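Listed below, chain by chain, are the residues.
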Amino acid sequence: MPELPEVEALVRFLDDRATGRTVVAADVAQIAALKTFDPPMTALVGRVVAGARRHGKWLDLVLAQPPGGPATTGPDAELHLVFHLARAGWLRWSEKAPTTPVRPRLGGGGGGKAAVLALRVRFDDGSGFDLTEAGTRKRLAVHVVRRPEEVRAVETLGIEPLDAGFTPEALGALMAARNQQVKGLLRDQSSIAGIGNAYSDEILHAARTSPFKLTRSFTADEVARVHAAVGEVLAEAVAASSGKPAAELKDAKRAGMRVHGRTGLPCPVCGDTVREVSFADRSLQYCATCQTGGQVLADRRMSRLLK
């Protein structure tokens, strides 16, 4: 799943490539991916891209009325194409986008690992992008709205971890609010926006903290250590992704991981074997030497430290 660094890179890429371009086609291929009906997708055609923004893991393409077009004030003066790539979605940019008609489908359309087209947007210079999604569980979500906050998941997002307001005190308050496993807090979008499974693993490894440590058990120094790790890991990943075309971001993300997705490989810090805890729909990776004092976490759904 694309997380804050990759989404930020995609936003910067779109902002650079699409700003000033006029939308000439916006075609839905997977009807289930479109979550709104008013305004319709056709309302985007003829509008000019005013920029791209990020809200947590959501991308927001801002579309304005063209100069000399209909009124540039009022509720429809600016529309937003807001989308979430979910676990297996991706944005594929093309300098020469296909012009063949897109046939809408209710669902399915390919199974397994094959990427299926969900949405195609084409601009006046011939460029454009496809939103695609692989796998059988289709969760990619596309919204056409007048304000991004009309998307409930955007409205309820928590603090941005790279904003100035995300201080050690702010993190400490989130930790004290509810006693939960620290990895769960980092992944909770209503608490902290943009961090998912992969970067929470990386942050906790950098902070030398067990993913299952309860938040109310953290000392002030431990909170500060996690806070510093959040900033360092995300800033490093954003810098590594910045300027890369969309097609290279997945490989860049994998290359930058120290523990996530590296089960069985040596920890780059201490050399111990990176271990895994599997759940029904995901897994986490960690280093026992760096994070749990050498104790191995039980690899079952109700994980706890082995005695």
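Residues numbered from 1 in each chain as written. Predicted model: local features only at pLDDT ≥ 70, side-chain atom pairs only at ≥ 80, totals over all residues. Heavy atoms only, no water.

Caption draft 1: The arrangement of the layout of surface pockets in detail. The computed volume of the largest pocket comes to approximately 1,000 Å³. Residue lining of the largest pocket: 36 residues in total, with Met1, Pro2, Glu3, Arg87 and Lys253 positioned closest to the centre. For the lining of the largest pocket, the secondary-structure elements that each account for two or more residues are strand S5 (89-94), helix H5 (197-206) and helix H7 (249-256). Per-element tally for the lining of the largest pocket: the top contributor is H7, with 4 residues. (1 Å grid on protein atoms, 1.4 Å probe; cavity = no way out; pocket = protein on both sides within 12 Å on 5 of 7 lines; lining within 4 Å. Points joined across faces, edges and corners; volume = space filled by probe spheres on them. Helix = DSSP H or I, 4+ residues; strand = E, 2+ residues; numbered from the N terminus.)

Caption draft 2: Highlighting the sheet that holds strand S6 (residues 116-123). The 4 strands lie next to each other as S1-S6-S7-S5, forming an open sheet whose pairing is antiparallel. Of all strands in the sheet, those with a lone pairing partner are strand S1 (23-28) and S5, marking the two edges. Across the sheet, the mean angle separating the axes of adjacent strands is 15° when strand polarity is ignored. Two strands pair when backbone bridges link them, and S1 and S6 are joined in this way by 5 bridges, in the antiparallel orientation. Bridge pairing in S6 places alanine 25 opposite arginine 122. Against the sheet, helix H1 (residues 4-18) touches S5, S6 and strand S7 (128-133), its axis set at about 25° to S5. (Pairing = 2+ DSSP bridges. Axes fitted to C-alpha atoms, helices over the stretch in contact; angles between N-to-C directions. Contact = heavy atoms within 4.5 Å.)

Caption draft 3: Molecular detail of the packing of aromatic side chains. Applying the stated criterion to the full structure yields 4 aromatic pairs. With a centroid separation of 5.6 Å and an interplanar angle of 85°, the aromatic rings of phenylalanine 13 and tryptophan 93 are classed as edge-to-face. Of the two residues, phenylalanine 13 sits in helix H1 while tryptophan 93 sits in strand S5, which places them 80 residues apart along the sequence. Neither phenylalanine 13 nor tryptophan 93 differs from the other in exposure class; each is buried. Aromatic pair phenylalanine 123 and phenylalanine 129: ring centres 6.2 Å apart, planes at 50°, arrangement tilted. Judged by its relative accessible area of 1%, phenylalanine 123 is buried. These aromatic residues form a ring-pair network of at least three members: Phe13, Phe83, Trp93, Phe123 and Phe129. A cation over an aromatic ring shows up here: lysine 213 above the ring of phenylalanine 218, its NZ or CZ 5.0 Å from the ring centre. Its guanidinium or amino end placed over the ring of phenylalanine 279, arginine 282 lies 4.5 Å from that ring's centre, counting from NZ or CZ. (Phe/Tyr/Trp six-rings, centres within 6.5 Å; stacked < 30°, edge-to-face > 60°. Buried < 20%, exposed > 50% of the residue type's maximum accessible area, 1.4 Å probe, protein only. Lys NZ or Arg CZ within 6 Å of the ring centre and 35° of its normal.)

Caption draft 4: The arrangement of the side chain of aspartate 201 in detail. Along the chain, the position of aspartate 201 falls in helix H5. With relative accessibility at 2%, the residue aspartate 201 sits in the buried group. A polar atom in the side chain of aspartate 201 sits 2.8 Å from the side chain of histidine 260. Here glutamine 285 takes part through its backbone nitrogen, which lies 3.0 Å from a polar atom of the side chain of aspartate 201. Residues in contact with aspartate 201, not counting those within four places in the same chain, are Lys183, Val259, His260, Ser283, Leu284 and Gln285. (Polar contact = N/O pair within 3.5 Å; in protein donor to acceptor, adjacent residues only side chain to side chain.)

Caption draft 5: Summary view of the UniProt feature "domain: FPG-type" (unreviewed entry) in the protein chain. Mapped onto this structure's residue numbering, the UniProt feature "domain: FPG-type" (unreviewed entry) falls at residues 258-292. Across residues 258-292, helical content stands at 11% and strand content at 29%; the span's end C-alpha atoms are separated by 16 Å. (UniProt positions renumbered as here; feature names shortened; annotations may be inferred.)

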